[in-house]
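These are the residues of each chain, in order.
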Amino acid sequence: MSADKQTASVDDPRVAFFDRLAAEWDVSEQDPRATVARLGELAEYLDLRPGYDLLEVGCGTGQLTGWLAERVAPGKVVAVDFAPSMVAEARAKGDVADFRVADVCSDPLGNACFDVALCFHSFPHFRDQPVAIQNLARALKPGGSLLVMHFSGSRQVNAFHDQVGGAVAGDHLPPREDWERMLATSGLSLTQFVDREDLFLLKALLRTCDRRY
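Computed from a predicted structure; not experimentally measured.

Another aspect to go through is unusual backbone geometry. Ala 73 connects to Pro 74 through a cis peptide bond whose omega is 10°. Looking at the element boundaries, Pro 74 is found in the loop between α5 (65-72) and β2 (77-81). The phi angle at His 121 is positive, at roughly 55°, despite the residue not being glycine. By the element assignment, His 121 lies in the loop between β4 (114-120) and α7 (129-139). Classification of His 121 as partly exposed rests on a relative accessible area of 26%.

Quick look at the confidence of the model for the protein chain now. Per-residue confidence for the protein chain gives a mean pLDDT of 92; residues scoring 70 or more make up 93%. Of the regions scoring below 50 in pLDDT, residues 1-9 engages in 20 contacts with residues more than four places distant in sequence or in other chains.

Attention now goes to the packing of aromatic side chains. As enumerated under the stated definition, the model contains 8 aromatic pairs in all. Counting every residue linked through ring pairs, the aromatic cluster contains Phe 123, Phe 126, Trp 179, Phe 193 and Phe 200. Stacked on the ring of Phe 151, the Lys or Arg Arg 38 has its end atom at 4.8 Å from the ring centre.

It is worth spelling out the packing of helix α1 (residues 13-21) against helix α6 (residues 84-92) at this point. Packing of α1 against α6 brings their axes to within 7 Å, and their N-to-C directions diverge by 40°. Judged by residue contacts, Val 15, Phe 18, Asp 19 and Leu 21 of α1 engage Pro 84, Ser 85 and Met 86 from α6. Taken together, the residues of the contact of α1 with α6 sort by class into 5 nonpolar, 1 polar and 1 charged.

Strands sit in the order β3-β2-β1-β4-β5-β7-β6 across an open sheet of 7 strands; the sheet is mixed. The sheet terminates laterally at β3 (98-101) and β6 (188-196), the two strands that pair on one side only. Averaged over all pairs of adjacent strands, the angle between strand axes in this sheet comes to 15°, irrespective of strand direction. Alignment of β4 against strand β5 (residues 140-150), held across 6 bridges, turns out to be parallel. Pairing of Cys 119 across the sheet is with Val 148, part of β5. Packed onto the sheet, α6 meets β2 and β3 and runs at close to 165° relative to β3.

Calculation notes
- For every chain, the first residue of its written sequence is number 1, and the numbers climb from 1 along that sequence.
- With pLDDT at 70 or above as the cut-off, local features in this predicted model cover only qualifying residues; side-chain atom pairs require 80 or more to be listed or tallied, and sums for whole chains, interfaces and linings still use all residues.
- Computation of side-chain values: all heavy atoms of the structure, hydrogens and water removed.
- Secondary structure elements are taken from DSSP: a helix is a run of H or I of four residues or more, a strand is a run of E of two residues or more, and numbering for both begins at the N terminus.
- Classification of residues uses two cut-offs on accessible area relative to the type maximum, computed with a 1.4 Å probe and protein chains only: under 20% is buried, over 50% is exposed, and between them is partly exposed.
- pLDDT expresses, on a scale from 0 to 100, how confident the predictor is about each individual residue.
- The contact rule is simple, with two residues in contact once any of their heavy atoms fall within 4.5 Å.
- Note on aromatic pairs: the rings of Phe, Tyr and Trp (six-membered ring only in Trp) are paired at centre separations within 6.5 Å, and the planes decide the class, stacked below 30 degrees, edge-to-face beyond 60, tilted for the rest.
- Here, over-ring charges are defined by two tests on the NZ atom of lysine or the CZ atom of arginine: distance to the ring centre within 6 Å, and angle to the ring normal within 35 degrees.
- Lines are fitted to the C-alpha atoms to define the axes, a helix being fitted only along its stretch in contact, and any angle between axes, read from their N-to-C directions, falls within 0 to 180 degrees.
- Each residue gets one label: Ala, Val, Leu, Ile, Met, Phe, Trp, Tyr, Cys and Pro are nonpolar, Asp, Glu, Lys and Arg are charged, and the others, such as Gly, are polar.
- Pairing between strands is defined by DSSP: at least two bridges between the two strands are required.

Written as structure tokens, this is what we have:
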């Protein structure tokens, strides 16, 4: 997948929504230092190890990318986002990662390439969540893990997106029963599920001999 030729879907209004926010994201939307500090406190949940190849999905302006790259080195980080302006801001930070414009719902992410796929503050914005999970499962190595993380619970995340409105109104984290169905269809087994006011965390492992797509 070429970073120069790959483009995200032009039919998704979320792309323009996040492109407009990209230049000021680190100043007005999320504090990069606070984000990294909180992630450090929760590092045990991620269980990242040296040598892992990691796919960061919805990397935004790359607030986490350098932190992730340090923890998996000498493994590689491929950081993708469907908003080209977000990827441009991320690249400008100069972190050691492969930044690509890609839409998790439609673009190829690789075949059995990654030990971990991390969706941090991004999963609700995938317009076709079952297809996104299938694509992510395809990108994982056998036994690889899918991680979905938010610094708020699903109720808080869903209410916030509805309050913002516009392109992200209705962008929700699904209930547990929907997660279980989507994961099972893609050959993933749910191994950890935390949904409390200050944290949403889902971890699922790709079964080594059961790819159902």
